[in-house]
Amino acid sequence: MTNEEFDFIVVGAGSAGAAVANRLSEISTWKVLLIEAGSDPPVESEIPAMFFTLLGSKYDWKYKVEKSEHAFRSLIDNQCLWPRGKVLGGCSTINANIYARGNAKDYDNWERLGNTGWNYENVVKYFKKLETANVESVEKEAHGYEGNVHVENYQDGDLIGNKFNEELLMKLYQELGLPFVKDMNAKQKSGLTKIPGTLKNGVRWSTAKAYLAHIKDRKNLLVMNETLVTKVLIDGNKNAYGVEVFCNNVHKKIIAKKEVILSAGALNSPQLLMLSGIGPQDHLKELNIPLINDLKVGYNLQDHIFPIHSMIKIVSKEFRAKEVSPFDLFYSYLTKKTELGSLFVPDMMTFVDIQNKTDDYPDIQLLHLSHPVKHAGLRAYLQKNEKHHVIQIWPLLLRPKSTGRIMLNSNNPFDAPKIITGYLTDSDDITTLIRGIKVIHRLANTATFKSCCEFVEIQPLTDCNNLKPTTDEYYECIIRNFIATGYHPVGTCKMGPKSDKDAVIDARLRVYEVNGLRVADASIMPKIVNGNTNIPAIMIGEKAADLIKEDWLDKSRHTRK
């Protein structure tokens, strides 16, 4: 395939890249190549609750973050694992399937930062375009019904008590003054809500299925998997004209006559830009990478984070933990799509505006994880709670102020990037998380809770023993010991106007001062969204394809920078 030519080369067949490749290949005269480092999805990826078996497998890049003095103090080797999908469909193949758009204010803020065309009014049409909603409890006019991504409710069952837990959570939050919100994806606001999943008939609906499977015979689209892109080819006039790849133990060059689009994600897109000579001048010079353009690639790394610390032990006589065999779980899923179709969670989340602002812009998301404690993996509590059911509640920070950075470990494209999370380097993040923990304590002090449940906290190691429980200092200690990733890294190829010294791409996703090169994935987010990032990444892919079509199908609108 040496020097074979395509009109467009899309790097990364994940949440955004699969959408980009599908939409570009709708133009029958365009020849499109989609390159993916991973392989086809395994059969276990079909079952929602089996996603955890894929983490750390060959379908995961298996990245580890750098050690930090601010975080991870009680984690193994003081490091946090960062799963990233290395498979067709990318993270949409190994994630928890949650369908969440974020908050309308997120996108309005993107436009206020200088990104014309990215306000909520402009992006919501792409959310509608991508989805086929099969959820009863939604505001019909806010959703789409002819899109590639199927959306439905998780399939709860009775074996592990999810229905019981949902009823309990609704009573608890109602007493706390947080209402039930019918459709958080129509307009996000504070309250408890049911979150649907990217599912069809109880089966995972990744972007590999949504955008690639049904067009596998499209003549003008070629998908190359198990192929690593090692470099973007850029000539002396700063024109991107193709990529260098490693496939079947051979290095090859492939030509792009029109554009190269990087959709490799918030870690691998900046990594590839830097390997290609686009990035911070001093960093590239250290690694003997010839500089093409000095841009803040890899900066602005943001992620949702949460302390794994809070547990509720249900002691109500209405429900007691049962011995649930794997056979029972699989039989229930195969016959009714329940249990393993539910992720072992009540498919409910709570959004809370910790700052009590009048505009109701939630900054904490309370996550609920429920399971029989015999399957919880929390050994310290196994014996004590073996006869009871457990719900864990975690406060997730929606809009962190702390930022990190992606760097190169070397100029070798086979080396993992260096991940400096920056977690908890801004003290405001600690303050907000502490307030989130206090909301959980308020929940535990309701009359409903006291009538049925017992509150248990996971104790940190010896670090916090000398601090008085329930004080801010104690909670900060817990947070710094047990902080973990929400699996939502974004922002490392920041979208912004030319006047923004930190911007890497413009509002049409074009890399500054390089022709024929765009980025279309979660790395472009100037600010992280209020919720899970998979669906916003797909939206970015849909919008990117339209921008590219506009530029190339209407030549009068296409201008080289």
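About the thresholds
Residues numbered from 1 in each chain as written. Predicted model: local features only at pLDDT ≥ 70, side-chain atom pairs only at ≥ 80, totals over all residues. Heavy atoms only, no water. Helix = DSSP H or I, 4+ residues; strand = E, 2+ residues; numbered from the N terminus. Buried < 20%, exposed > 50% of the residue type's maximum accessible area, 1.4 Å probe, protein only. Contact = heavy atoms within 4.5 Å. Areas by Shrake-Rupley, 256 points an atom, 1.4 Å probe, with all protein chains shown as cover. Salt bridge = Lys/Arg side-chain N within 4 Å of Asp/Glu carboxyl O. Pairing = 2+ DSSP bridges. pLDDT = per-residue confidence, 0-100. 1 Å grid on protein atoms, 1.4 Å probe; cavity = no way out; pocket = protein on both sides within 12 Å on 5 of 7 lines; lining within 4 Å. Points joined across faces, edges and corners; volume = space filled by probe spheres on them. Phe/Tyr/Trp six-rings, centres within 6.5 Å; stacked < 30°, edge-to-face > 60°. Expected span 1.5 Å × (residues − 1). Polar contact = N/O pair within 3.5 Å; in protein donor to acceptor, adjacent residues only side chain to side chain. Disulfide = S-S within 2.5 Å. Core = buried A, V, L, I, M, F, W, Y, C linked by side-chain atoms within 4.5 Å. Axes fitted to C-alpha atoms, helices over the stretch in contact; angles between N-to-C directions. Left-handed = near helix turned anticlockwise from the far one by under 90°. Parallel < 35°, antiparallel > 145°, perpendicular 65-115°, else oblique. Nonpolar A, V, L, I, M, F, W, Y, C, P; charged D, E, K, R; others polar.

> Explanation requested: the overall build of the protein in the structure shown.
Helix and strand counts for the protein come out as 14 helices and 26 strands. Evaluated residue by residue, the protein yields a buried proportion of 62% over its 561 residues. For the protein, contacts bridging at least 24 residues in sequence account for 71% of all contacts bridging at least 6. Accessible surface computed for the protein: about 22,400 Å², of which carbon and sulfur atoms make up 50%.

> Please explain the pattern of salt bridges as it appears in this structure.
It is possible for side chains of opposite charge to pair when their charged atoms get near one another. Taken as a whole and judged by the stated rule, the model has 24 salt bridges. Notably, a salt bridge pairs Lys 31 with Glu 4, separated by 3.5 Å at the nearest N-O pair. Note that Lys 31 is positioned in the loop between helix 1 (17-24) and strand 2 (32-35) and Glu 4 in the segment before strand 1 (5-11), a separation of 27 residues in sequence. Its relative accessible area of 35% is what places Lys 31 among the partly exposed residues. Each of Arg 23, Glu 26, Lys 129, Glu 542, Asp 546 and Lys 549 takes part in a single network of salt bridges with overlapping partners.

> Sorry, what's going on with the pairing of strand 19 (residues 348-352) here?
Within a regular beta strand, the side chains point alternately toward one face of the sheet and then the other, so they alternate between its two faces. Among the 5 residues that make up strand 19, 5 are buried, leaving the element largely enclosed by the rest of the structure. Along strand 19, one buried face is formed by Met 348, Thr 350 and Val 352 and the opposite face, lined by Met 349 and Phe 351, is buried too. Here strand 8 (residues 191-194) runs beside strand 19; their pairing, made up of 4 bridges, is antiparallel. Residue pairing across strands places Lys 194 opposite Met 348, the latter belonging to strand 19.

> I would appreciate a short explanation of helix 7 (residues 265-275) in the present structure.
Note that an α-helix has 3.6 residues per turn; residues three or four places apart therefore point the same way. With 11 of 11 residues buried, helix 7 is to be regarded as a mostly interior element. Here helix 7 has its buried residues at Gly 265, Ala 266, Leu 267, Asn 268, Ser 269, Pro 270, Gln 271, Leu 272, Leu 273, Met 274 and Leu 275. Of the residues flanking the end of helix 7, it is Gly 277, one or two places downstream, whose phi is positive at about 95°.

> I would appreciate a short explanation of the confidence of the model for the protein in the present structure.
Parts of the prediction with low pLDDT should not have their coordinates interpreted in detail. Across the protein, pLDDT averages 90, with 89% of residues at or above 70. For residues 372-384, every residue scores under 50 in pLDDT, and the model assigns this stretch 24 contacts once sequence neighbours within four places are set aside.

> Explanation requested: the layout of surface pockets in the structure shown.
By rolling a water-sized probe across the atoms, one finds the places where empty space is left. Here the second largest pocket is characterised by a volume of approximately 480 Å³. What lines the second largest pocket is a set of 23 residues, among which Lys 357, Asp 363, Arg 399, Pro 400 and Lys 401 lie closest to the centre. If you list the elements that add at least two residues to the lining of the second largest pocket, you get helix 3 (104-112) and helix 11 (427-444).

> How should the side chain of Asn 293 be read in this particular structure?
Looking at the secondary structure, you find Asn 293 in strand 16 (residues 293-294). Residue Asn 293 is classed as buried on the basis of its relative accessible area of 6%. If sequence neighbours within four positions are ignored, Asn 293 has contacts with Lys 238, Gly 277, Ile 278, Gly 279, Tyr 512 and Glu 513.

> I tried to follow unusual backbone geometry on my own but got confused; where do I start?
Excluding glycine, residues mostly have negative phi values, and the peptide bonds linking residues are mostly trans. Of note, the phi angle at Asp 77 is positive, near 60°, even though the residue is not glycine. With respect to the helices and strands, the residue Asp 77 is situated in the loop between strand 3 (63-64) and strand 4 (81-82). Judged by its relative accessible area of 44%, Asp 77 is partly exposed. Residue Asn 201 is not a glycine yet carries a positive backbone phi of 55°. Summarising the element assignment, Asn 201 is placed in the loop between strand 9 (199-200) and strand 10 (203-204). By relative accessible area, which is 56% here, Asn 201 ends up exposed.

> Would you take a moment to explain the packing of aromatic side chains for this structure?
What describes a pair of aromatic rings is the distance from one ring centre to the other and the angle between the planes of the rings. This structure, assessed with the given rule, holds 13 aromatic pairs. Consider the rings of Tyr 107 and Trp 110, whose centres lie 5.0 Å apart with planes at 75°: the pair is edge-to-face. Here Tyr 107 pairs with Trp 110, and both are found in helix 3, just 3 residues apart, close to one helical turn. Just as Tyr 107 is buried, Trp 110 falls in that class too.

> When you look at helix 11 in this model, what are you seeing that I'm missing?
Under the 1.5 Å per step criterion, the end-to-end length of helix 11 is 26 Å for 18 residues, consistent within 8% with the ideal 26 Å. Asp 429, Ile 430, Thr 432, Leu 433, Ile 434, Gly 436, Ile 437, Val 439, Ile 440, His 441, Leu 443 and Ala 444 are the residues of helix 11 that are buried. Its side-chain oxygen placed 2.8 Å from the backbone nitrogen of Asp 428, Asp 426 serves as the N-cap of helix 11.

> Any chance you could explain the state of the cysteines here in plain terms?
Among covalent bonds in proteins, the disulfide is the one between the sulfur atoms of two cysteines. Counted according to the given criterion, the structure contains 2 disulfides. Across the disulfide from Cys 452 sits Cys 453; the S-S distance is 2.4 Å. Taking the sign of the torsion about the S-S bond as the criterion, the disulfide between Cys 452 and Cys 453, at about -65°, is left-handed. In this structure, Cys 452 and Cys 453 share a single accessibility class: buried.

> Hey, could you run me through the side chain of His 304 in this one?
Within the element layout of this structure, His 304 appears in the loop between strand 16 and strand 17 (305-307). Of the residues examined, His 304 reaches a relative accessible area of 0% and is grouped as buried. Of note is the side chain of His 304, whose polar atom sits 2.8 Å from the side chain of His 488. Among all residues touching His 304, those that are not within four sequence positions of it are Leu 396, Leu 397, Leu 398, Pro 400, Ala 484, Thr 485, Gly 486, His 488, Ile 528, Val 529 and Gly 531.

> Looking at this structure, how should I read the nonpolar core?
Considering soluble globular proteins, one finds that nonpolar side chains tend to be buried as a cluster. Grouped together as the largest cluster of nonpolar side chains are 141 residues, with contacts concentrated most on Leu 24, Trp 118, Leu 273 and Leu 517. Examining the composition of this core, we find that 10 residues originate from one element, helix 14 (residues 534-553), more than from any other. Not counting residues within four places of it along the chain, the set of residues in contact with Trp 118 comprises Tyr 107, Trp 110, Glu 111, Val 123, Met 495, Ala 507, Leu 509, Ile 524, Met 539, Ile 540, Lys 543 and Leu 547.

> Would you explain the packing of helix 1 against helix 14 in this entry?
Angle between the axes and distance between the axes: these two values describe a pair of packed helices. Contact pair helix 1 / helix 14: the axes reach a minimum separation of 7 Å and the direction vectors enclose 30°. Viewed along their axes, helix 1 and helix 14 form a crossing whose handedness is right-handed. Across from Ala 19, Val 20, Arg 23 and Leu 24 in helix 1, the residues of helix 14 making contact are Ile 538, Gly 541, Glu 542, Ala 544, Ala 545, Ile 548 and Lys 549.

> For this particular structure, what's the right way to read the packing of helix 4 (residues 120-130) against helix 14?
Interhelical geometry of helix 4 versus helix 14 gives an angle of 105° and a closest axis separation of 9 Å. Relative to helix 14, the element helix 4 is oriented roughly perpendicular. Contacts between helix 4 and helix 14 involve Val 123, Tyr 126, Phe 127, Lys 129 and Leu 130 from the first element and Ile 535, Pro 536, Ile 538, Met 539, Glu 542, Lys 543 and Asp 546 from the second. When the residues that make up the contact of helix 4 with helix 14 are grouped by side-chain class, the tally is 8 nonpolar, no polar and 4 charged.

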